[in-house]
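The residues making up each chain are set out below.
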Amino acid sequence: METISTVAGLRACVRAWKREGARVGVVPTMGALHAGHLSLVQAARARMDRVITTVFVNPIQFDNADDLATYPRTLAEDGRLLAQAGVDVLYAPTAAEMYPPGFATRITVAGVSAGLCGGVRPGHFDGVATVVCKLFMQTLADCAFFGEKDFQQVQVIRRMVADLDLPVEIVACPTRREADGLALSSRNRRLVPAARQAAAVLPRVLAACASDIAAGGDVAAALLGARDRLAAAGFDPVEYVELRAAADLQPLAILPPGTPARLLAAAWLGDVRLIDNMPVPPQGG
Ligand code: PAF
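Since the model is a prediction, treat every value here as computed from it, not as a measurement. (Residues numbered from 1 in each chain as written. Predicted model: local features only at pLDDT ≥ 70, side-chain atom pairs only at ≥ 80, totals over all residues. Heavy atoms only, no water.)

**Q** How should I be thinking about the overall build of the protein chain in this particular structure?
**A** Scanning the protein chain from N- to C-terminus turns up 11 helices and 9 strands. Its C-alpha atoms give the protein chain principal-axis dimensions of about 55 × 40 × 40 Å. Buried residues in the protein chain amount to 52% of all 285 residues. When contacts within the protein chain are restricted to residue pairs at least 6 apart in sequence, those whose partners lie at least 24 apart make up 73%. Surface accessibility of the protein chain: about 12,400 Å² in total, with carbon and sulfur atoms responsible for 55%. Charged side chains of the protein chain number 28 positive and 28 negative; the gap between the two group centres comes to 4 Å. (Helix = DSSP H or I, 4+ residues; strand = E, 2+ residues; numbered from the N terminus. Buried < 20%, exposed > 50% of the residue type's maximum accessible area, 1.4 Å probe, protein only. Contact = heavy atoms within 4.5 Å. Areas by Shrake-Rupley, 256 points an atom, 1.4 Å probe, with all protein chains shown as cover. Lys, Arg positive; Asp, Glu negative; His and termini not counted. Charge placed at Lys NZ, Arg CZ, Asp CG, Glu CD.)

**Q** Is there a simple way to think about the environment of threonine 94 in this case?
**A** Note on placement: threonine 94 falls in the loop between strand S4 (89-91) and helix H5 (95-98). Beyond its immediate chain neighbours, meaning those up to four positions away, threonine 94 contacts Ser5 and Phe56.

**Q** Mind showing me how you'd approach the UniProt feature "active site" (unreviewed entry) in the protein chain here?
**A** When the UniProt feature table is mapped to this numbering, "active site" (unreviewed entry) covers His37. Following the sequence through the fold, histidine 37 ends up in helix H2 (residues 35-47). Given a relative accessible area of 13%, histidine 37 falls into the buried group. Not counting residues up to four positions away in its chain, the partners in contact with histidine 37 are Val27, Thr29, Gly31, Ala32 and Ser186. (UniProt positions renumbered as here; feature names shortened; annotations may be inferred.)

**Q** Is there a simple way to think about the pairing of strand S7 (residues 238-245) in this case?
**A** In summary, the side chains of a regular strand alternate between the two faces of the sheet. Within S7, 6 of the 8 residues are buried, which leaves it mostly tucked inside the rest of the structure. Pairing analysis gives 7 bridges linking S7 to strand S8 (residues 261-269), with the strands arranged antiparallel. Paired with glutamate 242 across the bridge in S8 is leucine 264. (Pairing = 2+ DSSP bridges.)

**Q** Got a minute to help me understand the sheet that holds S7 in this structure?
**A** Backbone hydrogen bonds hold the strands of a sheet together, and the pairing may be parallel or antiparallel. Taken in spatial order, the 3 strands make up an open sheet running S7-S8-S9, and their pairing is antiparallel. On the outer flanks of this sheet lie S7 and strand S9 (272-280), each paired with one strand and no other. Adjacent strand axes in the sheet meet at a mean angle of 10 degrees, parallel and antiparallel pairs treated alike. Both S8 and S9 contribute to a ladder of 9 bridges, which runs antiparallel. Counted as the bridge partner of alanine 261 is valine 280 from S9. Taken strand by strand, helix H11 (residues 219-232) contacts S7 and S8, and its axis lies near 150 degrees from that of S7. (Axes fitted to C-alpha atoms, helices over the stretch in contact; angles between N-to-C directions.)

**Q** What am I meant to see in the site of the ligand here?
**A** The environment of the ligand is made up of Pro28, Thr29, Met30, Asn58, Gln61, Val131, Val132, Phe146 and Gln153. Glutamine 153 places a polar side-chain atom, nitrogen or oxygen, 2.7 Å from an oxygen atom of the ligand. For the ligand, whose free accessible area comes to 290 Å², the fraction covered by protein is 89%. When contributions to the shell around the ligand are tallied by element, the ones reaching two or more residues are strand S2 (24-29) and helix H7 (124-139). Across the shell around the ligand, the residue classes break down as 5 nonpolar, 4 polar and no charged. (Near = heavy atom within 4 Å. Polar contact = N/O pair within 3.5 Å; in protein donor to acceptor, adjacent residues only side chain to side chain. Nonpolar A, V, L, I, M, F, W, Y, C, P; charged D, E, K, R; others polar.)

**Q** For this particular structure, what's the right way to read the packing of aromatic side chains?
**A** In this structure the tally under the stated criterion is 4 aromatic pairs. Both rings, one in phenylalanine 136 and one in phenylalanine 146, keep their centres 6.4 Å apart while their planes meet at 70 degrees; by these two values the pair is edge-to-face. With phenylalanine 136 in helix H7 and phenylalanine 146 in strand S5 (residues 143-147), the pair connects residues that are 10 residues apart, well separated along the chain. Accessibility assignment for this pair places phenylalanine 136 and phenylalanine 146 in one class, buried. (Phe/Tyr/Trp six-rings, centres within 6.5 Å; stacked < 30°, edge-to-face > 60°.)

**Q** Would you mind going over helix H4 (residues 75-84) with me for this structure?
**A** An α-helix turns once per 3.6 residues; consequently, residues spaced three or four apart project the same way. Turning to H4, its buried residues number three or more, namely Asp78, Gly79, Leu81 and Leu82. Viewed end-on, H4 has its buried residues packed into an arc of 165 degrees, placing them on one side of the element. Across H4 from its buried face, at more than 90 degrees, point the exposed residues Ala76 and Gln84. Each element contacted by the buried residues of H4 is listed here: H2, strand S3 (50-55) and S4. Looking at the residues trailing H4, positive phi occurs at glycine 86, about 85 degrees. (Arc of directions from axis to C-beta.)

Next comes the structure, spelled out in structure tokens:
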């Protein structure tokens with residue numbers, strides 16, 4: 001595996017691959033890699049001739065300076081895992097390479113980025129869309145692989161790619177979970193033992209709420225019940241528990257027949273923010 005940190009170096013490498021007719025996949029990450037990321041690498045390996053994984057803690061998508069400062073950075077270990085997983089290139093640019101002096105562009109994706117994480121993290125999805133667009137331009141990837149744990153992020157990226165005619169296919173891969181159901185996340189390593197135990201309540205509550213709604217239960221009552229159960233388990237604050245249309249994230253007050261829906265939540269345990277989401281099977285389905 002080669003490690004590259006400049007746009008020029010990456011372009012030269014990818015151009016050589018493309019001259020040979022290789023199809024290139026990219027797995028964008030912020031590092032602190034876990035089995036969820038490695039499953040994206042595996043999916044990319046299975047479909048593509050060449051795989052790039054990017055590791056870049058993107059400062060412009062953090063709305064909170066402490067969150068940026070404490071975000072885990074484990075580049076040496078990430079490199080070891082990626083080499084083992086058969087990645088061809090680890091692309092790890094510096095912040096100055098990504099955002100040189102004078103950098104002044106932001107991409108805003110309206111609609112899908114409103115509310116949910118976009119509602120509580122101002123500017124977050126502008127930062128995500130901007131860096132992901134740059135990573136697509138820098139890697140010239142044919143396919144990009146993202147985890148469904150960040151469901152709203154995937155919809156924002158899909159919208160951006162469609163709107164800007166970016167020549168890249170977005171592949172969304174299922175959320176990977178611990179044995180007790182907790183979605184894998186780089187932030188989980190910051191949970192103290194008691195919080196780690198409580199964290200498994202989040203997927204359980206979401207699964208129960210999703211089946212209640214799928215069985216025809218009142219949506220508002222089910223969402224409120226889920227919030228109460230999370231608060232009782234020590235989540236504080238519970239930022240949101242919402243039902244949305246899976247395709248465009250429009251808020252849903254009822255479960256419309258035949259429309260794939262998604263239940264999404266974000267809540268804090270101590271100083272760690274957790275997010276998760278689950279599909280809600282269509283009524284009668
Ligand atoms: O999901 C992430 O890790 C980040 O938001 C991404 C897509 C790598 C952009 O910085």
